[in-house]
Amino acid sequence: MSSAIPVIDGHNDLPWRLRMRAEAADVAEHAEGLHTDLPRLHEGGVRAQFWSVYVPCGGPQPEATVKVLEQIDLVRRLVEAHPDQLALATTAGEVERIAGSGRIASLLGAEGGHCLDDSLGVLRSLYRLGVRYLTLTHGRNTAWADSATDEPAVGGLSPFGVEVVRELNRLGMMADLSHVAPSTMHAALDVSTAPAFFSHSSARALCDHPRNVPDDVLTRVRDTGGVVMVTFVPFFLNEACRQWGDELYRVEDAIPAEFGSAEFERQQREWIAANPCPPSSVRDVADHVEHVRDVAGIGAVGIGGDFDGTEVLPEGLPDVSAYPALFDELRGRRWSDADLRKLGWDNTLRVLRDTCG
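Criteria and thresholds
- Residues numbered from 1 in each chain as written.
- Predicted model: local features only at pLDDT ≥ 70, side-chain atom pairs only at ≥ 80, totals over all residues.
- Heavy atoms only, no water.
- Helix = DSSP H or I, 4+ residues; strand = E, 2+ residues; numbered from the N terminus.
- Rg over C-alpha atoms; globule rule 2.2 N^0.38 Å.
- Buried < 20%, exposed > 50% of the residue type's maximum accessible area, 1.4 Å probe, protein only.
- Contact = heavy atoms within 4.5 Å.
- Areas by Shrake-Rupley, 256 points an atom, 1.4 Å probe, with all protein chains shown as cover.
- pLDDT = per-residue confidence, 0-100.
- Expected span 1.5 Å × (residues − 1).
- Right-handed = clockwise from strand over helix to strand, strands pointing away.
- Pairing = 2+ DSSP bridges.
- Salt bridge = Lys/Arg side-chain N within 4 Å of Asp/Glu carboxyl O.

**A look at the overall build of the chain**
When helices and strands are counted, the chain shows 13 helices and nine strands. For a compact globule of 357 residues, the expected C-alpha radius of gyration is about 21 Å, and the chain comes in at 18 Å, within 12% of that figure. Overall size of the chain, expressed as C-alpha extent along the three principal axes, is 50 × 45 × 40 Å. Expressed as a percentage of the 357 residues in the chain, the buried residues total 59%. Contacts in the chain between residues far apart in sequence, at least 24 positions, make up 72% of those at least 6 positions apart. By element, 49% of the accessible surface of the chain is carried by carbon and sulfur atoms, the whole surface being about 13100 Å².

**Describing the confidence of the model for the chain**
Across the chain, the average pLDDT comes to 96, with 98% of residues at 70 or higher. Across the chain, strand 8 (residues 227-230) holds the top mean pLDDT of 99, while helix 10 (residues 262-274) sits lowest at 91.

**Things to note about helix 11 (residues 282-296)**
Spanning 15 residues, helix 11 covers 21 Å between terminal C-alpha atoms, matching the ideal 21 Å at 1.5 Å per step. In terms of burial, helix 11 is largely enclosed, as 11 of its 15 residues are buried. Along helix 11, the positions that sit buried rather than exposed are Val 282, Asp 284, Val 285, Ala 286, His 288, Val 289, Glu 290, His 291, Val 292, Val 295 and Ala 296. Where helix 11 is buried, its residues contact helix 8 (215-224), strand 8, strand 9 (301-303), helix 12 (323-331) and helix 13 (337-356). Among the residues trailing helix 11, Gly 297 stands out with phi positive, at a value near 105°.

**Regarding the pairing of strand 8**
Residue alternation in strand 8 divides its side chains into two sets, Val 227 and Met 229 and Val 228 and Val 230, and both sets are buried. One crossover worth recording links strand 7 (residues 197-198) to the parallel strand 8 by way of helix 8, and it is right-handed. Looking at chain direction, strand 8 and strand 9 are connected through three bridges and run parallel. Note that in strand 9 the partner of Val 230 across the bridge is Ile 303.

**Points about the pairing of strand 2 (residues 46-52)**
Counting buried positions over the seven residues of strand 2 gives six, a clear majority of the element. Looking at chain direction, strand 1 (residues 7-12) and strand 2 are connected through four bridges and run parallel. Within the sheet, the bridge partner assigned to Asn 12 lies in strand 2 and is Trp 51. Note: strand 2 against strand 4 (residues 104-111), five bridges, orientation parallel. Looking at the pairing, Trp 51 lines up with Leu 108 of strand 4.

**Regarding the pattern of salt bridges**
Per the stated rule, a full pass over the model turns up 29 salt bridges. Across the salt bridge formed by Arg 242 and Glu 239, the nearest N and O atoms sit 2.8 Å from each other. Taken together, the residues span about one helical turn, with Arg 242 and Glu 239 both in helix 9 (residues 239-254) at a distance of three residues. Using a relative accessible area of 17% as the deciding quantity, one classes Arg 242 as buried.

**Topic: the environment of Val 162**
Here Val 162 lies in helix 6 (residues 159-171). Val 162 sits 30 residues away from Ser 192 along the chain, and the two C-alpha atoms are 8.8 Å apart. Excluding its chain neighbours within four sequence positions, the residues that come into contact with Val 162 are Leu 157 and Val 191.

Structure representation (structure tokens):
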């Protein structure tokens, strides 16, 4: 399976998986136990990938700052190890040049504002290291922004949070609104002069998960010329999976091992094997893509699979080779190749150009 539609994917957690495996996996060939490797990226038509330089929240913030620097280093070393297939990109022009050479343009997205340690200097340093989006929160609030999955604390953004968004605008770095509360989405959009950007979220009207984007925010995405990169995580696709995911989160919170470690994953897999996720499929993803299109317009849809950031995936989308399955489903719904290209490539490239150059 290969795709004539090029893909910019907004979010892939391979770097964290590699960190937890002590980078033992060889991604130059089929990597057992991973969703992502170079052959399957090419098979799926991926021409540009935002690699998540994620670190868990909840620990000391200076530790998160160190870890995000290590994650940036990991991605850079991954690119250096495969110069014939990967190259770092920081602008839309670089993405187009690298993709035109047959390599995969590799961009960096920092997932979680806790890695800043409340410092605009750290933010500026991440920009200089090539990071081109900052997800304002992850699963918990920062001191300056409310997360979608935590108790509200500052009512969206604090005054310092407003400074963060303004500095992102000044630098030319995208303020990623995946993971933030709707109040934070609105507060950021009230301040920002850049297009709205969601690296891996779906539509709340179809699945009432707090990580998804409500329709009143989708209209603002349309008005800013922004993009919502629809994710493949089953918890965000239908209600049965959402409820199952809530129970999985409770189980994960009770696991004493470090998140992502071999022992954590062993206990996680055992629970999933004993309590399988309800069904979801590529059709669910297509439903979310179409809802975003219907509310925000054809120019507002993108793809943020979250491969290697979830233990379960929809039927028909098992790994990064499978983007053509989504395009085939949408073709069956009378999508033209021109509109599929907007979904896979054009819309996100435009937002990257408008924000980062």
